Amino acid sequence: MATDGDRLLDEGSYDQLRARQWWAGAARGDGMSRRALLQLSAGLGVAALAGLGRPASATAVSAPADSPIVKPLPPDLFYVYGTNAEMRWEAMRDQGELVPIDRFFVRDHTRTPSIEADTWRLRVFGAGLRGAPTVEQAVEFSYRDLRRMPAETITAFVECAGNGRSFFTTQQNQTVSGTAWKLGAVGVARWRGVRLATVLARAGLTADAVDVMPQGLDPDWVNAGVNNGPVRRPLPIQKALHDVLLAYEMNGEPLPPDHGFPVRVIVPSWIGISSIKWLGQIEVADAPLVSPWNTQFYRLFGPGYPTEGTVITRQVTKSAFELPWDATVPVGERQLLRGRSWSGNGAIGQVEVSTDGGTVWRRALPIGRHRQHGWQRWEIPWRPATAGAYTLRARATDVTGRAQPTQTPFNTLGYLFDAVVAHPVTAT
Ligand SMILES: Nc1nc2c(c(=O)[nH]1)N[C@H]1C(S)=C(S)[C@@H](COP(=O)(O)O)O[C@H]1N2
Ligand SMILES: [Mo]
């Protein structure tokens, strides 16, 4: 039988329990009354439905001279959208399981800060610890302290909850707000670091702990005239102790500035915003915590959802071809189509591909093994017999049976697009 703790690893029960606690006044928020939130979320829905939200368009702008992102963003590897940059999927052709750092997507709310490892400290505090109730009394860890603790390495994807958002508009004719990602706001890397459970134990964790809230050192996020404070989002203690890592290495190198140097959180299978970069502090509370990132943003709002929305935790099932958008392929030649599929709910069980607009589906052949929280690579031979336009489709099913649908139910902020994507190519 599932215990309360097990249930908190599951997004549905986590949300229901936290929502009940919050609406009953048992959760501690910062800065926003329930009334204000309700007004805001209702207004958000209306604005987005009326097309007042920033419409998702496929237009990519090039990086400004004073780029908020530190690493180079060459146009053959990235589409750049202001403070965010997505990987072009053709950049994964001929790559192994991991996405190299030079092409890993970046999602910054403001900009990449410059932080020195020598003076950096992680401050852990809160009523869920013995003797460190406030941030002034926090238990401090230096970079060296963390590096000396037992290390662990995991393979896991980081994926933005909004990955695929542009297809709400281009495939489903719906207006949603937020960055108009195609499918490149995802990447798999090897993350090395120390388990959050180890750090919390050393900080004096007690059985009273309920939620933890990691917070970033990047600038406050101001949106629509409202200062939401530093980027932060709570996690239930059960998930925090289960498999969360405080990572200081990515693909065998020190964490690059854009990906959270010196230390970031990695929350396997959960949406990207959970994996707080440039970690500065962690509150460990004996009561449920809220931040705008789990009450206003990264929730599903819209006609099919309750007024207060539904929180998002795990990622959905998706697939992508390792091809340029509007690729040109040789006519009359046998070629191998390659791609990858992934899910936040478990390994991928099967992938089917259609090259004829969705009539005939063939099983793709798996390449390599799906490791931990990574993805499944696959390939399928194809010979386009005649010249002209084709639409490629890949649809995956994970081992829990979650398959990609033909439509994703609308939500105003355009999260969790899992429908099969129609990828245009031309054979010449
Ligand atoms: N401190 C901080 N952490 C953050 C963010 C941020 O802007 N600031 N962006 C989040 C979001 S929305 C995503 S999708 C991931 C992106 O990680 P990446 O830039 O390493 O790909 O980081 C998350 N962690
Ligand atoms: Mo994100």
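The structure presented is a predicted model; accordingly, all values stated were derived computationally and were not measured.

Caption draft 1: Expanded view of the sheet that holds strand β4 (residues 121–125). Judged by pairing direction, the sheet is mixed, and its five strands sit side by side in the order β5-β4-β15-β8-β11 without closing on themselves. Each having just a single partner strand, β5 (139–142) and β11 (235–236) make up the two edges of the open sheet. Here β4 runs beside strand β15 (residues 279–285); their pairing, made up of three bridges, is parallel. Residue V124 lies in a different strand from β15, and its bridge partner there is I282.

Caption draft 2: Inspection of the packing of aromatic side chains at higher detail. In the structure shown here, the tally under the stated rule is 16 aromatic pairs. Measuring from ring centre to ring centre gives 5.0 Å for F168 and F417, while their planes differ by 80°; the resulting arrangement is edge-to-face. In this pair, F168 sits in helix α5 (residues 166–170) while F417 sits in the loop between β25 (388–398) and β26 (423–427), placing the two residues 249 residues apart along the sequence. Relative accessible area serves as the criterion here: at 0%, F417 is assigned to the buried category. Three or more aromatic residues link up through ring pairs in this structure, and these residues are Y81, F104, F105, W181 and W191. Residue placement shows R88 over the ring face of Y79; its charged tip is 4.0 Å from the ring centre. Note that R395 overlies the ring of W361, its terminal NZ or CZ placed 3.9 Å from the centroid.

Caption draft 3: Looking closely at the sheet that holds strand β24 (residues 376–382). Spatially, the four strands line up as an open sheet ordered β18-β20-β24-β23, and their pairing is antiparallel. Pairing within the sheet leaves two strands with one partner each, and these edge strands are β18 (318–321) and β23 (365–367). Each strand axis lies, on average, 35° off the axis of its neighbour in the sheet, ignoring direction. In terms of strand pairing, strand β20 (residues 335–342) meets β24 through seven bridges, oriented antiparallel. What sits directly across from G339, in β24, is W378.

Caption draft 4: Expanded view of the side chain of Q335. By the element assignment, Q335 lies in strand β20. At a separation of 3.0 Å, a polar atom in the side chain of Q335 contacts the main-chain carbonyl oxygen of P330. For Q335, the residues in contact, after removing those within four places along its chain, are V329, P330, I380, P381, W382 and P384.

Rules behind the numbers
Residues numbered from 1 in each chain as written. Chains lettered and ligands numbered in written order. Predicted model: local features only at pLDDT ≥ 70, side-chain atom pairs only at ≥ 80, totals over all residues. Heavy atoms only, no water. Pairing = 2+ DSSP bridges. Helix = DSSP H or I, 4+ residues; strand = E, 2+ residues; numbered from the N terminus. Phe/Tyr/Trp six-rings, centres within 6.5 Å; stacked < 30°, edge-to-face > 60°. Buried < 20%, exposed > 50% of the residue type's maximum accessible area, 1.4 Å probe, protein only. Lys NZ or Arg CZ within 6 Å of the ring centre and 35° of its normal. Axes fitted to C-alpha atoms, helices over the stretch in contact; angles between N-to-C directions. Polar contact = N/O pair within 3.5 Å; in protein donor to acceptor, adjacent residues only side chain to side chain. Contact = heavy atoms within 4.5 Å.

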